[in-house]
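# Geometric and topological summary
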2 protein chains.
Amino acid sequence: MQTYQPPLRDMRFVLHELHGSEALKDLKGCEDVTPDLIDAVLEEAGKLVTEVLAPLNTVGDAEGCKYENGVVRTPTGFKDAYNTYREGGWNGIACDPEWGGQGLPASVTKCIEEMMCSANVAFSLYPGLTHGAYEAMMGHATQELKETYLPKMVEGSWSGTMCLTESHCGTDLGLLRTKAEPQDDGSYKINGSKIFISAGEHDLTENIIHLVLARLPDAPKGVKGISLFLVPKFLPNADGKPGPRNGVSCTGIEHKMGINGSATCQISFDDATGWLVGETNKGMAGMFTMMNSERLSVGTQGLGIGEAAYQSAVAYAKDRVQGRSLAGTKYPDKPADPIIVHPDVRRSLMTMRAYNEGCRALGGWVARHLDLMERSNDPEERQNAEDFTALMTPIVKSLFTDLGFANASTGVQVYGGHGYIREHGVEQYVRDARIAMIYEGTNGIQALDLVGRKLPAHTGRYLRSFFHPVLAYIDAKMDDENLGPLVGPLGKAFGALQLATGHIAEKGLKDPEEAGAAATDYLRLFGLVALGYMWVRMAEVAFEKKGNANGEAAFYENKIATARFFIDRLLPEVAGLWGAIKSGKSSMMALPDDAF
Amino acid sequence: MQTYQPPLRDMRFVLHELHGSEALKDLKGCEDVTPDLIDAVLEEAGKLVTEVLAPLNTVGDAEGCKYENGVVRTPTGFKDAYNTYREGGWNGIACDPEWGGQGLPASVTKCIEEMMCSANVAFSLYPGLTHGAYEAMMGHATQELKETYLPKMVEGSWSGTMCLTESHCGTDLGLLRTKAEPQDDGSYKINGSKIFISAGEHDLTENIIHLVLARLPDAPKGVKGISLFLVPKFLPNADGKPGPRNGVSCTGIEHKMGINGSATCQISFDDATGWLVGETNKGMAGMFTMMNSERLSVGTQGLGIGEAAYQSAVAYAKDRVQGRSLAGTKYPDKPADPIIVHPDVRRSLMTMRAYNEGCRALGGWVARHLDLMERSNDPEERQNAEDFTALMTPIVKSLFTDLGFANASTGVQVYGGHGYIREHGVEQYVRDARIAMIYEGTNGIQALDLVGRKLPAHTGRYLRSFFHPVLAYIDAKMDDENLGPLVGPLGKAFGALQLATGHIAEKGLKDPEEAGAAATDYLRLFGLVALGYMWVRMAEVAFEKKGNANGEAAFYENKIATARFFIDRLLPEVAGLWGAIKSGKSSMMALPDDAF
């Protein structure tokens, strides 16, 4: 059965003990964000997700969304849950107080996102898309558009979408055909068809605000001729309420492998009225504002599902009795031992745990940089944080979603045959997790972004925002009595990352296909080293605290044991990745296309 | 869209060129099995699967089986397809001519199994289970039972099942509760409930023969008190036709993640009449006869689905245009290049291809040993073949199914967002492939079988059946001009396998949990080395033949390039696995159970 309790203790560890949340209050707009406030918010969010969202997860999967004559109905209970969510003010937690939001820092809101994804990832997409649209509008929309739309979107009575993909183009948006014709009143007429529009049509909000990529009549070919438009489902009246229906219609929804509670829509624009967001032909900039925010959120989906899969697997592994421990009977009063005693089940659970807690720590580190980037008073700190965020975004997106899918699959494996049966609920995690490796740029595209854009940017400046602190840390802790045994392997793995980086810098400069051939393995290697660094840092905190832990010594001991597991069992993958990378592109690209 | 053509050329390569099929005719009962005959059989099988089975794959997935009042209806078209299959004589191809079979060797029939799994794995389970029951009966049933049942089961008018699992026990069959009470006439009354019974009830055959594990009243506890019984759905009349209904009923079917066309049944035995198969309390022996045969077949499911996923991904990668090659435009006449030009797509396709072709070669090698084991005139050769088959069975089962699932997931990734949509058909491969890692003994159990039973057996004798030929080959080819660059890394990987084996032998002897902690990584390491050996052997054949290839030079060149890819890109994983193994059990087993 799906089992989930928000990992509040671990979130507090990451926020307060690892990343020092008391420093958040020095940031602009965070003056009141104390550890106590954070704890209270997370606790309330935990209640919301367990009481309201989690019970609808299997319902949404089984029912899916229903399409009829342009109308989309979300699964039973989604509308009530959305109202509870909205009325509780949760939709605006990450938004600017100027527009009615609560302005909480990403360090906090990312934890809430994780909980929502654990409880019901399909539901989380509706507010998630609104937030993506909000970000793009904050960055690029005129004051007038902001005033008309943002208050409604922040309170959640209106929702948002990102209309990028067309049937013939996803990754290569340069091919897109949707057209925008300027009108005398400064608006545009939008015509075209989009697919894969999450939350494109539904019954949760009174209006839906589409952000649409389209071409102006005189636009240059390719991505340099794309503009971004705001196209509401209902045109607002003078009083700000939804008025006449715009030329936007939903022509169908997709039947998918998973996230069935999320409406994935085909949207048709037929002389729809829209307004330009940002400059003409600079639509990709606005799109990337949405996209970068969404990419981190998609990474969080991987973590969220991975956590739920882990907890569900733990519950089953403690309950299911089968066989006896190889070390001799452990539970003589039971007909057999619970399967958690078996090393291979233990390996599975520890792997999921080490990935989840590692990703939570790494995600928290990136979130802190998001906060610094947006709120620090120190321009140098802001710049460094921006560099770091740019570097880590593709890693968080790909690594977290790959691991989320792997964890979901491992969860099924712990359940054995029962995991394959729908009513047990854990195979849903596999199906729900699978999309996160694809949307908002496939994981292969993320890897290309890392090696092709992020590594070479400003002659490696982004890279230094990660390499410098990690290298300094390794040097400082190499001979530490407690940490040394963990730092040694981390240093070796970091050495492989340096070698791989040099390989790509050298070979990729001459031949971009060499960088492309290394990209996916390199991203994974980078991600594992980043997780390894987080694990050693977490172990450091745990070593410091466990002696004086007010009854929580076990928590810190477990943290140290899990750090050891990560270093012992998961970090060694790095050796194989570097082995693969250094072989170069030759055998990968050897076959002619028609040999396939 | 699901795309599948039987890989006949590659199967001929494996059968004839790699494993020398001309030697098959020296085996008992294979006097007529010439390469020409094999080719003709495979060609016909290819027609059957593409024309009859493949078109029903998505139908079976969408419709599933229907349960009503104890009756199970298979999806539209399954019954006609089964009749075509049966009337074509395909059900008996691997069976003894004494019972109406065609007695073809496993080397050939495993290829047909692979094709069936590629085309429609859910359908393939119906005859697959019959064959498992056939094997158990061949090994353990009385002559009278054989005479009554085998002819019908071989011709396929009656089907078979394996009734092992109960709701509270799967892996640990010692817990099972189904009872068998001896009757005066030598039969038994069977009472109990079984779950997860593939093909337990359906509308394809006029009778269903259940092989049921149950306990006699005076049986010892645990697995030593389990006996095997034959329990038909309809009791045969004196004329051999189905007579009165036996006390066997289907009380429900499961709703699963995949293989929806396969009926997974809950079966209730209520005073059902059955007959003993084999000796009392030795039911596990009969069960393992079925199980070992089924385990190899489940491995073949992984390969079959992996091949279909590969072909579907290739078709899409050639058709879908998106972006331009990093090396400059390749298809200037198109609006963008087909995505097959991109290194990361190439990496995905090459990975799938290298795994599939490697598994086909390794599966063929094991199949040859199955044939030697059963049909060689040389007792020493038979013994060695039995050792080898025992050793490789858990590897084939786990490795092939892990790779099959990975390949299916990679196939979805190549499709991008379209892969997540049900109508495109490729997400079905992921859902269908997932079960193969679980049933017939989870992959974790396979790994335990490898390290706990197969390694120590006869002080390592099984192991020598693999180690000796591989080591001799590496020694012989190390300095070969063509092969040397491939043999070097293979030798290094083999060295890691030797070290890991030594580690398990040494540590596992003192502490079985050490062997358990190493098991899964060790099985994977072993499997990769076995695939690496196959790849070098295939490259050797290709180097020999490419100079004089009658227009097939490209085939051999591609084989060599794929071998290089495997050695360059996939074999390096071994380094990480050995790194993980040598860390031992300590961090894996450190947490107390209640820390999870």
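Residues numbered from 1 in each chain as written. Chains lettered and ligands numbered in written order. Predicted model: local features only at pLDDT ≥ 70, side-chain atom pairs only at ≥ 80, totals over all residues. Heavy atoms only, no water.

### Some details on the overall build of chain A
When its secondary structure is counted, chain A shows 16 helices and 11 strands. Against the globule reference of 25 Å for 596 residues, chain A gives a C-alpha radius of gyration of 24 Å, in line with a compact fold. Considering only C-alpha atoms, chain A reaches an extent of 80 × 60 × 60 Å along its principal axes. A burial count over chain A gives 66% of its 596 residues as buried. At a minimum sequence separation of 6, the contacts of chain A that also span at least 24 residues come to 73%. In chain A, which carries 58 positive and 75 negative side-chain charges, the distance between the mean positions of the two groups comes to 4 Å. (Helix = DSSP H or I, 4+ residues; strand = E, 2+ residues; numbered from the N terminus. Rg over C-alpha atoms; globule rule 2.2 N^0.38 Å. Buried < 20%, exposed > 50% of the residue type's maximum accessible area, 1.4 Å probe, protein only. Contact = heavy atoms within 4.5 Å. Lys, Arg positive; Asp, Glu negative; His and termini not counted. Charge placed at Lys NZ, Arg CZ, Asp CG, Glu CD.)

### What about the packing of aromatic side chains?
For the structure shown, the criterion picks out 39 aromatic pairs over all chains. Between the aromatic rings of Trp365(A) and Tyr533(A), the centroid separation amounts to 5.3 Å while the plane-to-plane angle is 50°, which identifies the pairing as tilted. Placement of Trp365(A) in helix α8 (residues 343-375) and of Tyr533(A) in helix α14 (residues 512-546) is noted, with a sequence separation of 168 residues between them. Per residue, the accessibility class of Trp365(A) equals that of Tyr533(A), and both read buried. Summarising the aromatic geometry, the rings of Phe78(B) and Phe123(B) are spaced 5.7 Å apart at their centres and angled 65° between planes, so their arrangement reads as edge-to-face. Of this pair, Phe78(B) sits in helix α4 (residues 78-87) while Phe123(B) is found in helix α5 (residues 106-140), placing the two residues 45 residues apart along the sequence. Its relative accessible area of 0% is what places Phe123(B) among the buried residues. Taken together, Trp365(A), Phe388(A), Phe466(A), Phe467(A), Tyr473(A), Phe494(A), Tyr522(A), Phe526(A) and Tyr533(A) form an aromatic cluster joined through their ring pairs. (Phe/Tyr/Trp six-rings, centres within 6.5 Å; stacked < 30°, edge-to-face > 60°.)

### Considerations on the environment of Leu349(A)
Assignment of secondary structure puts Leu349(A) in helix α8. As a C-alpha pair, Leu349(A) and Phe234(A) span 115 residues in sequence and 49 Å in three-dimensional space. Discounting residues that sit within four places of it in the chain, Leu349(A) has contacts with Tyr310(A), Ala313(A), Val314(A), Ala317(A), Ile340(A), Val414(A) and Phe596(B).

### Topic: the UniProt feature "domain: Acetyl-CoA dehydrogenase-like C-terminal" (unreviewed entry) in chain A
In the numbering used here, UniProt assigns the feature "domain: Acetyl-CoA dehydrogenase-like C-terminal" (unreviewed entry) to residues 472-592 of chain A. Between the first and last C-alpha atoms of residues 472-592 of chain A the distance is 46 Å; the span itself is 79% helix and 0% strand. (UniProt positions renumbered as here; feature names shortened; annotations may be inferred.)

### Notes on the pattern of salt bridges
All names here are of chain A. Considering all chains together, one arrives at 60 salt bridges over all chains under this definition. Linking Arg-453 and Asp-449 is a salt bridge whose minimum nitrogen-to-oxygen distance equals 3.0 Å. Within this pair, Arg-453 and its partner Asp-449 are both found in helix α11 (residues 443-454), separated by four residues, close to a single helical turn. The exposure class assigned to Arg-453 is exposed, which follows from its relative accessible area of 52%. Sharing partners across several salt bridges, the network here consists of Asp-10, Glu-114, Glu-307, Arg-353, Glu-357, Arg-360 and Lys-559. (Salt bridge = Lys/Arg side-chain N within 4 Å of Asp/Glu carboxyl O.)

### Quick look at unusual backbone geometry
Residues and elements named next belong to chain A. Here Phe-196, not a glycine, exhibits a phi torsion of approximately 60°, which is positive. We classify Phe-196 as partly exposed; its relative accessible area is 21%. One non-glycine residue with positive phi stands out, namely Ala-199, at about 60°. With respect to the helices, strands and loops of the structure, Ala-199 is situated in the loop between β5 (188-198) and β6 (207-214). In this structure Ala-199 comes out as buried when scored by relative accessible area, which is 1%.

### Quick notes on the domain arrangement of chain A
All names here are of chain A. The domain boundaries assigned to chain A delineate domain 1 (8-65 + 73-139), domain 2 (159-284) and domain 3 (444-587). Placing the centre of domain 1 and that of domain 3 at their C-alpha centroids yields a distance of 29 Å. Listed by partner, the interface residues are six residues for domain 1 and nine residues for domain 3. Buried area between domain 1 and domain 3, summed over both chains or domains, comes out near 770 Å², and the portion from carbon and sulfur atoms is 62%. When residues of domain 1 are sorted by the area they lose upon contact with domain 3, Arg-9, Phe-13 and Leu-18 head the list and together hold 65% of the total. (Domains from an automatic or database assignment. Buried area = accessible area lost by both parts, 1.4 Å probe.)

### Describing the packing of helix α2 (residues 35-53) of chain A against helix α4 (residues 78-87) of chain A
Residues and elements named next belong to chain A. Interaxial distance between α2 and α4 falls to 10 Å at its minimum, and their mutual angle equals 165°. Judged on the interaxial angle alone, α4 and α2 are roughly antiparallel. Classified by chirality, the crossing of α4 by α2 is right-handed. Taken together, the residues of α4 that come into contact with α2 (itself represented by Leu-48, Val-52 and Leu-53) are Ala-81, Thr-84 and Tyr-85. Per-class residue counts for the contact of α2 with α4 are five nonpolar, one polar and no charged. (Axes fitted to C-alpha atoms, helices over the stretch in contact; angles between N-to-C directions. Parallel < 35°, antiparallel > 145°, perpendicular 65-115°, else oblique. Left-handed = near helix turned anticlockwise from the far one by under 90°. Nonpolar A, V, L, I, M, F, W, Y, C, P; charged D, E, K, R; others polar.)

### A word on the interface of chain A and chain B
On the side of chain B, 94 residues touch chain A, which itself brings 94 residues to the contact. Carbon and sulfur atoms make up 58% of the surface buried where chain A meets chain B, a total of about 7,700 Å² over both sides. Linking chain A with chain B are four salt bridges, by the criterion used here. Note that Arg569(A) is salt-bridged to Asp521(B), the shortest N-O span being 3.3 Å. On inspection of chain A and its partner chain B, the count reaches 54 residue pairs in polar contact (both at pLDDT 80 or more). (Polar contact = N/O pair within 3.5 Å; in protein donor to acceptor, adjacent residues only side chain to side chain.)

### Remarks on the relation of the copies chain A and chain B
Superposing chain A onto chain B requires a rotation of 180° together with a translation of 0.0 Å along the rotation axis, leaving an RMSD of 0.0 Å. Interpreted geometrically, this transformation is the action of a two-fold axis. Within chain A, Gly576(A) has its C-alpha nearest the rotation axis, a separation of 2.7 Å. Take the interface residues of chain A: 100% of them recur as interface residues in chain B, which is what a same-surface contact looks like. (Least-squares fit on C-alpha atoms with pLDDT ≥ 70 in both.)

### Brief notes about the packing of helix α12 (residues 461-477) of chain A against helix α13 (residues 484-510) of chain A
The description of two helices packed together rests on the angle between their axes and the distance between the axes. Residues and elements named next belong to chain A. Two numbers describe how α12 lies on α13: the axes approach to 10 Å, and their chain directions differ by 145°. At the point where α12 passes α13, the crossing takes the left-handed sense. Of the residues in α13, those in contact with Leu-463, Phe-466, Phe-467, Val-470, Leu-471, Ile-474 and Lys-477 of α12 are Gly-484, Val-487, Leu-490, Gly-491, Phe-494, Leu-497, Gln-498 and Thr-501. Of the residues that constitute the contact of α12 with α13, the class distribution is 10 nonpolar, four polar and one charged.

### Some details on the pairing of strand β6 (residues 207-214) of chain B
All names here are of chain B. Counting buried positions along β6 yields eight of eight residues, so the element is predominantly enclosed. A two-sided burial pattern is seen for β6, the buried positions comprising Asn-207, Ile-209, Leu-211 and Leu-213 on one face and Ile-208, His-210, Val-212 and Ala-214 on the other. Where strand β3 (residues 158-163) meets β6, six bridges bridge the pair, whose relative direction is parallel. By the bridge assignment for β6, Gly-160 is matched with Ile-209. Taken together, the six bridges between β6 and strand β7 (residues 227-232) define a ladder with antiparallel strand orientation. Opposite Leu-211, over in β7, you have Leu-230 as the bridge partner. (Pairing = 2+ DSSP bridges.)

### Structural notes on helix α10 (residues 426-434) of chain B
Among the nine residues that make up α10(B), nine are buried, leaving the element largely enclosed by the rest of the structure. The complete set of buried residues in α10(B) reads Val426(B), Glu427(B), Gln428(B), Tyr429(B), Val430(B), Arg431(B), Asp432(B), Ala433(B) and Arg434(B). On its buried face, α10(B) sits against α9 (379-415) and α10 (426-434) of chain A together with α3 (57-63), α5, α7 (283-319) and α9 (379-415) of chain B.

### Quick word on helix α7 (residues 283-319) of chain A
Its 37 residues place the ends of α7(A) 53 Å apart at the C-alpha level, agreeing with the 54 Å of an ideal helix rising 1.5 Å per residue. Of all 37 residues in α7(A), 30 are buried; the element is thus mostly enclosed. (Expected span 1.5 Å × (residues − 1).)

### Description of the side chain of Arg569(A)
Within the element layout of this structure, Arg569(A) appears in helix α15 (residues 553-570). At 3.5 Å, the side chain of Arg569(A) and the backbone oxygen of Ala580(B) are in polar contact. Among the polar contacts made by the side chain of Arg569(A), one reaches the side chain of Ser583(B) at a distance of 3.5 Å. Excluding anything up to four places from it in sequence, Arg569(A) contacts Ala517(B), Asp521(B), Ala580(B), Ile581(B), Ser583(B), Gly584(B), Lys585(B) and Met588(B).

### Details of the state of the cysteines
Residue and element names in this part refer to chain A. All chains considered together, the criterion is met by zero disulfides over all chains. Counting only cysteine sulfurs, Cys-250 is the nearest neighbor of Cys-265, a cysteine outside any disulfide, at a range of 4.0 Å. Here Cys-359 stays unpaired: no disulfide links it, and the sulfur of Cys-117, its closest cysteine neighbor, is 13 Å away. Residue Cys-359 is classed as buried on the basis of its relative accessible area of 3%. (Disulfide = S-S within 2.5 Å.)

### Points about the environment of Gln498(A)
Residues and elements named next belong to chain A. Within the secondary structure layout, Gln-498 lies in helix α13. The class for Gln-498 is partly exposed, based on a relative accessible area of 35%. For the pair formed by Gln-498 and Phe-467, sequence separation is 31 residues and the distance between their alpha carbons is 8.8 Å. Beyond its immediate sequence surroundings of up to four residues, Gln-498 is in contact with Phe-467 and Leu-471.

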